Amino acid sequence: MAISVFDLFKIGVGPSSSHTVGPMRAAALFVQGLRERGQLEQVRRIEVRLYGSLSATGVGHGTDNATIMGLMGEWPDAIDPTQITPRIADLRETGVLQLDNRLPIAFDWRRDMLLLEENLPYHPNAMTLVAEGEGGELHSDTYYSVGGGFVVDAAQAASGVLDADQTVLPYDFNSAAELLQLCKQNDLSVSQLMMANEKVWRSEAEIRAGLVKLWHAMQECVNNGLKYEGILPGGLNVRRRAAKLHRSLQELGKPNVIGSTLSAMEWVNLFALAVNEENAAGGRMVTAPTNGAAGIIPAVLHYYMRFSDVVDDSNVVDFLLAAAAVGILCKKNASISGAEVGCQGEVGSACAMAAAGLAEVLGATPEQLENAAEIALEHNLGLTCDPVGGLVQVPCIERNAIAAVKAINAVQMALRGDGEHFISLDQVIRTMRDTGADMHDKYKETSRGGLAVSVIEC
């Protein structure tokens, strides 16, 4: 399976890559398939069935609304997030769904949007879409949102071939040990090796332009997160804090807590909070590698770009390429889905990716980079996914800030060594996979355990 940096980093909308971005993509793919088979004009009814985690926390994550927008022909990377709420309100009022944004069909929310408690066998994030015509069912398909906005259909899941892209890469790797060996044999840094692989799909100029575009989207997300105050949507009455913190950090003469180091960490907190508050509000952001963990990599990259002496877009490119190398390992050998392995798969993977990216631009050897990623992931093992109310607000927003600081500390520790260490990144990723398999389902993005029920009990 060949995975590109642009598979892991995608422009989308909040609040969740697996519960919002993935379902919107699945619904848009379903409509695209109907169009390609010449069936679209025959559709008279659409039924949406959400299973497992998509059902349990789907309303809090906007899965129902995202699916509808996909059926309207919208894609996560192109939709205007501000149009989602009014278009959903219009559908609920009129009972008319504009299929592919041009074909009106009746849609009864209670009848046609089904939240089912059962789980399908392949993955907890499952949904089935059924299109009916005058004479009955025209077509149906089941999709699995497997984390980070990745979607596979039932046929792919049954075949075991989860990625249609079987591109042969010049430096393919399936483990950190293989990655380090390839770097050593070919005298390449991790980012250089990743660039060589990416050039199979695109020119170097296109790769650099695409990564800089992602960086600009990350910057825009932070800036948007600093604009607004007030209460986040969803009913928990969680206050947005980034704007107030930003004003506080801008106060001239305000004393630092303990020198410049902790002052810099306050900025890291700010960047992460801004991204995840914007994500929780349904704004535009970049999966990195998921929405729930979307603030960690931008926060660490903003930290580097703000506090380093000499930086330019080439540093951004190297950072994201190196981060993606670790993300590829996590996805291939464990999971980046909170519904599959808990939040260790989202925040833990993002923390390790951020550490790898920062280590790369600070001049780490591949061995030191691997050590930094290992430290970061190791100390997120066992992290449960227990969003209160099914919303990516508590504990998700603060968790991103803590993980961003943790990633920076992991790099500091790794750079003090020579890359040799006791536990390998491969061992930690396998442990994350095994821990996720042993973890009770109530701790895997169902809001049926952990903090999600402790708050209710209080």
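Residues numbered from 1 in each chain as written. Predicted model: local features only at pLDDT ≥ 70, side-chain atom pairs only at ≥ 80, totals over all residues. Heavy atoms only, no water.

## Considerations on the overall build of the protein
Here is step 1: When helices and strands are counted, the protein shows 21 helices and nine strands.
Here is step 2: The C-alpha radius of gyration computed for the protein amounts to 22 Å, which stays within 12% of the reference 23 Å derived for 458 residues, consistent with globular compactness.
Here is step 3: Seen through its C-alpha atoms, the protein measures out along the principal axes to roughly 70 × 50 × 45 Å.
Here is step 4: Within the protein, the proportion of its 458 residues that are buried is 57%.
Here is step 5: Intrachain contacts of the protein at a sequence separation of at least 6 include 76% that bridge at least 24 residues.
Here is step 6: When the 36 basic and 55 acidic side-chain charges of the protein are each reduced to a single mean position, those positions are 5 Å apart. (Helix = DSSP H or I, 4+ residues; strand = E, 2+ residues; numbered from the N terminus. Rg over C-alpha atoms; globule rule 2.2 N^0.38 Å. Buried < 20%, exposed > 50% of the residue type's maximum accessible area, 1.4 Å probe, protein only. Contact = heavy atoms within 4.5 Å. Lys, Arg positive; Asp, Glu negative; His and termini not counted. Charge placed at Lys NZ, Arg CZ, Asp CG, Glu CD.)

## Re the UniProt feature "domain: Serine dehydratase beta chain" (unreviewed entry) in the protein
Here is step 1: Annotation from UniProt places "domain: Serine dehydratase beta chain" (unreviewed entry) at residues 4-155.
Here is step 2: Annotated as residues 4-155, this span is 39% helix and 31% strand, and its ends, taken at the C-alpha atoms, are 22 Å apart. (UniProt positions renumbered as here; feature names shortened; annotations may be inferred.)

## Points about unusual backbone geometry
Here is step 1: In this model, G14 is joined to P15 through a cis peptide bond whose omega is 10 degrees.
Here is step 2: Relative to the helices and strands, P15 resides in the loop between β1 (10-13) and α2 (17-36).
Here is step 3: Omega for the peptide link from V394 to P395 comes to 5 degrees, which places this bond in the cis form.
Here is step 4: For P395, the location among the structural elements is in the loop between α18 (366-378) and α19 (396-415).
Here is step 5: We note that D100 has phi near 60 degrees; this positive angle belongs to a residue other than glycine.
Here is step 6: When you line up the elements, D100 lands in the loop between β3 (96-99) and β4 (103-106).

## A short note on helix α6 (residues 84-94)
Here is step 1: Buried residues of α6: I84, I88 and L91, and no others. Along α6, the residues classed as buried sweep out an arc of 60 degrees about the axis, all on the same side. Those residues of α6 that are exposed and angled more than 90 degrees off the buried face are T85 and E93.
Here is step 2: On its buried face, α6 is in contact with α5 (63-71), β3 and α7 (109-112).
Here is step 3: Directly beyond the C-terminal end of α6, a positive phi value near 70 degrees is found at G95. (Arc of directions from axis to C-beta.)

## A few points about the environment of G292
Here is step 1: Structurally, G292 is set in the loop between β9 (284-287) and α14 (296-307).
Here is step 2: Residues G292 and Y443, spaced 151 residues apart in sequence, show a C-alpha to C-alpha distance of 15 Å.
Here is step 3: If we ignore the near neighbours within four places in the chain, the residues touching G292 are P15, N276, N279, E346 and N400.

## Quick word on the state of the cysteines
Here is step 1: Summed over all chains, the structure comprises zero disulfides.
Here is step 2: In this model C221 remains outside any disulfide bridge; the closest cysteine sulfur is found in C396, 15 Å from its own.
Here is step 3: Given a relative accessible area of 2%, C221 falls into the buried group. (Disulfide = S-S within 2.5 Å.)

## Looking at the nonpolar core
Here is step 1: Core analysis: the biggest nonpolar cluster contains 112 residues, and F9, F173, L211, I297, L320, V326 and L358 have the highest contact counts within it.
Here is step 2: Here the element with the most residues in this core is helix α15 (residues 313-333); it accounts for 13 residues.
Here is step 3: Membership of the second largest hydrophobic core comes to 34 residues, among which are M69, M127, L129 and A131. (Core = buried A, V, L, I, M, F, W, Y, C linked by side-chain atoms within 4.5 Å.)

## Observations concerning the sheet that holds strand β2 (residues 45-51)
Here is step 1: Spatially, β5-β2-β6-β7-β8 is the arrangement adopted by the five strands of the open sheet, whose pairing is mixed. Every interior strand has two partners, whereas the edge strands, β5 (113-115) and β8 (150-153), have only one. Neighbouring strand axes in the sheet, compared pairwise and without regard to direction, differ in orientation by 20 degrees on average.
Here is step 2: The pairing of strand β7 (residues 136-147) with β8 spans four bridges and is classified as antiparallel. Each residue of the ladder has a partner; that of Y143, found in β8, is D153.
Here is step 3: Where α2 meets the sheet, it contacts β2, β6 (125-133), β7 and β8, and its direction lies at approximately 150 degrees from that of β7. (Pairing = 2+ DSSP bridges. Axes fitted to C-alpha atoms, helices over the stretch in contact; angles between N-to-C directions.)

## Digging into the pairing of β4
Here is step 1: Alternating positions in β4 separate cleanly, L103 and I105 being buried on one face and P104 and A106 remaining unburied on the opposite face.
Here is step 2: Two strands pair when backbone bridges link them, and β3 and β4 are joined in this way by four bridges, in the antiparallel orientation. Its bridge partner lying in β4, L97 is registered against I105.
Here is step 3: Counting the residues in the hairpin turn of β3 and β4 gives three residues, including D100, whose phi is positive at 60 degrees.

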